[in-house]
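Survey of secondary and tertiary structure
For reference, the chains in residue letters:
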Amino acid sequence: MSATADGAASGDDDGSPGAAESPPDDIVIATRLMYVGATLSALLGLMRAVDPDTFRDTVAAPGSMSGDSQLAGYVVFAFVTAGMWLLVAWGCRRGRRWFRVAGTLFGAFYVVTTVVALFQVPLNLATVVSVLMAAVAAVVLWLLWRPDSSRWFAGGVSGANLR
């Protein structure tokens, strides 16, 4: 292999795979599912913005923040979460190790909080979308830690780029 090919395959300074390598199928599927997660998160934000009365009735309690403040915070949070899904997808697709760690923490937190919330909120369309998003996060977590994915994050699909 020539020096140019070695340089292209060695990746960035952070040990990620080079641009010439394609991610394994597990990473491609995980990335696409992260796009689905981002879409579901944005959908949750839009649902809350379109039907604010359902949200206010569910969360507004006497002596707490106003329902409007909570609603605005939730909508902003939903769109920030969508952006996080996209950012993690971008980093994982490029083999950046710390994006896998960030995605794992983010996904695990979302799954746990969704399970806890199921016992505290009424069943409605937003709850169903939230459960779907947690399921997507669980599958993404599984895909990110499979053997081919681990080799991808270690420096390349072939394992030749391990440092």
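Residues numbered from 1 in each chain as written. Predicted model: local features only at pLDDT ≥ 70, side-chain atom pairs only at ≥ 80, totals over all residues. Heavy atoms only, no water.

Here we come to the overall build of the protein chain. On a plain count of helices and strands, the protein chain comes out with seven helices and zero strands. Each helix and strand of the protein chain, placed in order from N terminus to C terminus, yields the pattern α-α-α-α-α-α-α. If you take every contact in the protein chain between residues at least 6 apart in sequence, the share linking residues at least 24 apart comes to 74%. (Helix = DSSP H or I, 4+ residues; strand = E, 2+ residues; numbered from the N terminus. Contact = heavy atoms within 4.5 Å.)

Judged by nonpolar contacts, the single largest core of 27 residues is most densely connected at M34, W85, C92, V140 and L144. Of all the elements in the fold, those that place two or more residues in this core are α2 (25–50), α4 (67–93), α5 (97–118), α6 (125–144) and α7 (147–154). Top contributing element to this core by residue count: α6, with nine residues. Apart from the residues within four sequence positions on either side, L144 is in contact with I27, A30, M34, C92, R100, S149 and F153. (Core = buried A, V, L, I, M, F, W, Y, C linked by side-chain atoms within 4.5 Å. Buried < 20%, exposed > 50% of the residue type's maximum accessible area, 1.4 Å probe, protein only.)

Going through the model one piece at a time under the given rule, you end up with three aromatic pairs. For the pair W85 and F106, a centre-to-centre distance of 5.6 Å together with 80° between the ring planes defines the contact as edge-to-face. Note that W85 is positioned in helix α4 and F106 in helix α5, a separation of 21 residues in sequence. Both residues of the pair, W85 and F106, belong to the buried class. (Phe/Tyr/Trp six-rings, centres within 6.5 Å; stacked < 30°, edge-to-face > 60°.)

Our focus in this paragraph is empty space enclosed by the protein. Enumeration according to the criterion identifies one cavity of 30 Å³ or more in this entry. Size it by volume and the largest cavity reaches roughly 60 Å³. Lining the largest cavity are M34, W85, V88, G103, T104, F106, G107, A137, V140, L141 and L144. At the level of secondary structure, the elements contributing two or more residues to the lining of the largest cavity comprise α4, α5 and α6. (1 Å grid on protein atoms, 1.4 Å probe; cavity = no way out; pocket = protein on both sides within 12 Å on 5 of 7 lines; lining within 4 Å. Points joined across faces, edges and corners; volume = space filled by probe spheres on them.)

Let us now look at α5. With 22 residues, α5 extends 32 Å between its outermost C-alpha atoms, agreeing within 8% with the 32 Å of an ideal straight helix rising 1.5 Å per residue. Every buried residue of α5 is accounted for by F99, R100, G103, F106, G107, Y110 and T114. For α5, the buried positions fall inside an angular range of 135° around the axis, keeping them on one side. Of the exposed residues in α5, those oriented more than 90 degrees away from the buried face are W98, L105, F109 and V112. (Expected span 1.5 Å × (residues − 1). Arc of directions from axis to C-beta.)

With that settled, the discussion passes to the pattern of salt bridges. With the rule as written, the count across this model stands at two salt bridges. Of the charged contacts in the structure, one is a salt bridge between D148 and R151, with a shortest N-O distance of 2.1 Å. A residue pair is termed a helical-turn pair when its members lie 3 or 4 positions apart in one helix, as D148 and R151 do in helix α7 at three residues. The exposure class assigned to D148 is partly exposed, which follows from its relative accessible area of 33%. (Salt bridge = Lys/Arg side-chain N within 4 Å of Asp/Glu carboxyl O.)

This prediction gives the protein chain a mean pLDDT of 81; 74% of its residues lie at or above 70. Under a pLDDT of 50 for its full length, residues 158–163 has, in the predicted model, 14 contacts with residues more than four places off or in other chains. (pLDDT = per-residue confidence, 0-100.)

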